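Topology and contacts: notes
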Amino acid sequence: MARKKKKVGTYPSGMILFSLTLALFLIGFCGLLAIHSKRLVTYIRENYEMRAFLDKDLDSTKVAALFRTLSERPYVLKNNGSAQVTLVTKEVAAKEFIAETKEDFSKFLGENPLRDSYRIKLNEEYFDEAKLQGVKTDLEQIDGVFEVVYQENLVDSINRNITRIYLIMSAFALVLLVIIVVLMNNTIRLALHSQRMLIRSMQLVGATNGFITRPFLGRGIWQGFLAGVIAVVLLLITLQLAIRNLPELGAFQDYEKMAILLAGLVGLGVVIGFLSTFQAVHRYLGLTLDELY
């Protein structure tokens, strides 16, 4: 029975496809974490509040004038043209305090020592310690404002940890890229070694390097594309499972950036497949006859 000849460009591809798919999936997962963490940080920043406590015994006219003054400040968040400034009376503040602490201070103090206040949401670009200090100073100079407070430790912690998370995920994605390129190079070179006599024979009869390389490049591009598509499908399944178990994640979806990320994964798979295959084949075809043996 005649043995079927092995075509140039045919080599064990299961391990390459699995490894590339896994690498692209992990890179995409890092990208999803980055997108969702960015949306989460934006949500936290836009819902972050400063408290401007007012002087006591201000009449309603003065309180209303303060609202207009605060609303005109450039750092105050606007939502559909409406300034995110909310008045909290001392009575409401007392109810919130009692609900949180379970202690009714009015029973032993005999009065409500709290002050009326405005809760002010700020634009995201002011979520920086230096800028927040500037906002605090500006607000405290307004007539009728007694004191301005905000959670300083929270701002420092969020800014520091987000930067650290981005650096770690970027380094992880870079390491994955290096590993998969090295793996593909080695696998393809081994496949070429098993076909070295066939390739050498083609060179001797006048086949150009482009003719010999073309089937390998086609296979590398196809594997990269297929790995990217599989990675995208796995990411979408993972995301849907996460939203099903944690419905709050649905509020942090950024479909435009996600579409760019998923398309980028497929493109990255194609680029990795092409470049790693081209490098391995080009390097192998440059060997001398003695080096082939």
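Residues numbered from 1 in each chain as written. Predicted model: local features only at pLDDT ≥ 70, side-chain atom pairs only at ≥ 80, totals over all residues. Heavy atoms only, no water.

1. Structural notes on the sheet that holds strand E6 (residues 145-149)
A sheet is described by the order of its strands in space; here 4 strands give the open sequence E4-E5-E1-E6, paired in antiparallel fashion. Looking at the sheet topology across the chains shown, the edges are occupied by strand E4 (85-88) and E6. Adjacent strand axes in the sheet meet at a mean angle of 25°, parallel and antiparallel pairs treated alike. Bridge count for E4 against strand E5 (residues 117-121) is 4 bridges, and the pairing is antiparallel. (Pairing = 2+ DSSP bridges. Helix = DSSP H or I, 4+ residues; strand = E, 2+ residues; numbered from the N terminus. Axes fitted to C-alpha atoms, helices over the stretch in contact; angles between N-to-C directions.)

2. Side note on the nonpolar core
With 25 residues, the main nonpolar core has Met50, Leu70, Val85, Tyr118, Ile120, Leu122 and Leu139 as its most contacted residues. Among the secondary structure elements, those contributing two or more residues to this core are strand E1 (49-54), helix H2 (60-71), E5, helix H5 (129-140), E6 and helix H6 (152-194). Excluding its chain neighbours within four sequence positions, the residues that come into contact with leucine 70 are Val76, Val85, Tyr118, Ile120, Leu139 and Ile142. Counting residues in each nonpolar core, the second largest holds 23 residues, with Leu20, Ala173, Ala227 and Leu235 among its members. (Core = buried A, V, L, I, M, F, W, Y, C linked by side-chain atoms within 4.5 Å. Buried < 20%, exposed > 50% of the residue type's maximum accessible area, 1.4 Å probe, protein only. Contact = heavy atoms within 4.5 Å.)

3. Considerations on the pattern of salt bridges
Taken as a whole, this structure holds 3 salt bridges when the rule is applied. Across the pair aspartate 138 and arginine 73 runs a salt bridge whose closest N-O atoms are separated by 2.8 Å. With aspartate 138 in helix H5 and arginine 73 in the loop between H2 and strand E2 (78-79), this residue pair connects regions lying 65 residues apart in the sequence. Of the charged contacts, one joins glutamate 140 and lysine 136 as a salt bridge, the two residues approaching to 2.9 Å between their closest N and O atoms. Note that glutamate 140 and lysine 136 are positioned in helix H5 at a spacing of 4 residues, about one turn of the helix. Lysine 136 gets classed as buried once you look at its relative accessible area, which sits at 19%. (Salt bridge = Lys/Arg side-chain N within 4 Å of Asp/Glu carboxyl O.)

4. Some thoughts on the environment of isoleucine 212
Position of isoleucine 212 relative to the elements: it lies in helix H8 (residues 209-245). Residue classification places isoleucine 212 among the buried residues on the basis of a relative accessible area of 1%. As for isoleucine 212 and leucine 285, which are separated by 73 residues in sequence, their C-alpha atoms are 9.1 Å apart.

5. Let's talk about the packing of helix H1 (residues 14-46) against helix H9 (residues 255-285)
Relative placement of two packed helices is described by the angle separating their axes and the distance separating the axes. It is the contact of H1 with H9, at a shortest axis distance of 10 Å, that shows an interaxial angle of 155°. One element, H1, and the other, H9, form an angle in the roughly antiparallel class. Like other packed secondary-structure pairs, H1 and H9 cross with a definite hand, here right-handed. Residues Leu20, Leu24, Ile27, Gly28, Gly31, Leu32, Ile35 and Lys38 of H1 form the contact with H9, whose own contacting residues are Lys257, Met258, Leu261, Leu265, Leu268, Gly269 and Ile272. The class makeup of the residues in the contact of H1 with H9 is 10 nonpolar, 3 polar and 2 charged. (Parallel < 35°, antiparallel > 145°, perpendicular 65-115°, else oblique. Left-handed = near helix turned anticlockwise from the far one by under 90°. Nonpolar A, V, L, I, M, F, W, Y, C, P; charged D, E, K, R; others polar.)

6. Quick look at the packing of aromatic side chains
Each aromatic ring pair is described using two quantities: the centre-to-centre distance and the angle formed by the ring planes. Taken as a whole and judged by the stated rule, the model has 5 aromatic pairs. Here phenylalanine 25 and phenylalanine 29 contribute two aromatic rings whose centre-to-centre distance is 6.3 Å and whose plane-to-plane angle is 25°, an arrangement assigned as stacked. Separated by 4 residues within a single helix, phenylalanine 25 and phenylalanine 29 lie in helix H1, roughly one turn from each other. A residue is classified by how much of its surface remains accessible, and phenylalanine 29, at 34% relative accessible area, is partly exposed. Judged by centre distance (6.2 Å) and plane angle (40°), the rings of phenylalanine 67 and tyrosine 118 are tilted. Placement of phenylalanine 67 in helix H2 and of tyrosine 118 in strand E5 is noted, with a sequence separation of 51 residues between them. Between arginine 115 and the ring centre of phenylalanine 146, over which it is positioned, the NZ or CZ distance is 3.6 Å. (Phe/Tyr/Trp six-rings, centres within 6.5 Å; stacked < 30°, edge-to-face > 60°. Lys NZ or Arg CZ within 6 Å of the ring centre and 35° of its normal.)

7. Digging into the confidence of the model for the protein
Regions with low pLDDT should not have their predicted coordinates read in detail. Confidence in the prediction for the protein averages 79 pLDDT; 84% of positions are at 70 or higher. Within the protein, the element-level pLDDT minimum falls on helix H10 (residues 289-292), averaging 60, and the maximum on E5, averaging 90. The model gives residues 1-6 a pLDDT under 50, and that stretch makes 3 contacts with residues more than four places away or in other chains. (pLDDT = per-residue confidence, 0-100.)

8. Some words on the layout of surface pockets
As a volume, the largest pocket reaches approximately 240 Å³. In terms of lining residues, the largest pocket is bounded by 14 residues, among which Leu32, Leu33, His36, Leu239 and Leu249 are the most central. Going through the elements one at a time, H1 and H8 are the ones with two or more residues in the lining of the largest pocket. No other element matches H1, which puts 6 residues into the lining of the largest pocket. For the lining of the largest pocket, the per-class residue count stands at 10 nonpolar, 3 polar and 1 charged. One number sums up the size of the second largest pocket: a volume of about 170 Å³. When the residues that make up the lining of the second largest pocket are grouped by side-chain class, the tally is 3 nonpolar, 1 polar and 6 charged. (1 Å grid on protein atoms, 1.4 Å probe; cavity = no way out; pocket = protein on both sides within 12 Å on 5 of 7 lines; lining within 4 Å. Points joined across faces, edges and corners; volume = space filled by probe spheres on them.)

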